[in-house]
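Each chain, letter by letter, is given below.
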Amino acid sequence: MTKILIVEDDRELQEGLAFALEGDGFSTKAVSYKAEAVRDAALDTYHLMILDCNLPDGTGYDVCREVRKFSDMPILMLTARDTEL
């Protein structure tokens, strides 16, 4: 099963992404912080990371740089820019 790590601090967006992806047969794990994202990416094998650009304890770019030190999994950068649409 394809595993996706969702890194998003907006709880509603996080839950919506997980719901949609799981409905299409993907396995997901959602985290809200940079430290969690880097830790989980190092401890488990994911096929894709969906990564918010703005996190409470850093940026998605920081996460990407850290993860690239040990993984080449695809990373999809995501930002809502404070708009619901």
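Note that this is a predicted model, so its numbers are computed, not measured. Residue numbers here run from 1 along each chain, matching the order of that chain's written sequence. Local features are withheld for residues below a pLDDT of 70 in this predicted model, meaning they are given only at 70 or higher, and side-chain atom pairs are given and counted only at 80 or more; totals for whole chains, interfaces and linings count all residues. Computation of side-chain values covers all heavy atoms of the structure but excludes hydrogens and water.

Thoughts on the nonpolar core
Here comes step 1: In terms of nonpolar packing, the biggest core is built from 14 residues, with L5, V7, M49, L51, V63, V67 and M73 touching the most fellow members.
Here comes step 2: Each helix corresponds to a stretch of at least 4 residues labelled H or I by DSSP, and each strand to a stretch of at least 2 residues labelled E; elements are numbered beginning at the N terminus. Put simply, the parts of the chain that give this core at least two residues each are β1 (3–7), α2 (34–43), β3 (48–52) and α3 (60–68).
Here comes step 3: If you tally residues by element for this core, the top one is α2, at 3 residues.
Here comes step 4: Contacts are assigned to residue pairs that have any heavy atoms within 4.5 Å of one another. Setting aside chain neighbours within four positions, we find V67 in contact with V38, A41, M49, M73 and I75.
Here comes step 5: Throughout this description, the term nonpolar core refers to a set of buried Ala, Val, Leu, Ile, Met, Phe, Trp, Tyr and Cys residues connected via side-chain atoms within 4.5 Å. When accessible area is computed with a 1.4 Å probe and restricted to protein chains, residues below 20% of their type maximum are described as buried, those above 50% as exposed, and intermediate ones as partly exposed. Listed in part, the 5 residues of the second largest apolar core include I6, A18, L21 and I50.

Brief notes about the sheet that holds strand β6 (residues 75–78)
Here comes step 1: Read across the sheet, 4 strands follow the order β2-β1-β3-β6 without closing on themselves; strand pairing throughout is parallel. Every interior strand has two partners, whereas the edge strands, β2 (27–31) and β6, have only one. With strand direction ignored, the average angle separating the axes of adjacent strands in the sheet is 15 degrees.
Here comes step 2: In this sheet, β3 lies alongside β1 in parallel orientation, the contact comprising 4 bridges. Looking at the pairing, I6 lines up with I50 of β3.
Here comes step 3: Fitting a line to C-alpha atoms yields each axis, with helices limited to the stretch in contact; the angle taken between N-to-C directions then spans 0 to 180 degrees. Along the sheet, α3 contacts β3 and β6; its crossing angle with β3, the most-contacted strand, is approximately 150 degrees. The rule for pairing is simple: two strands pair if DSSP sees at least two bridges between them.

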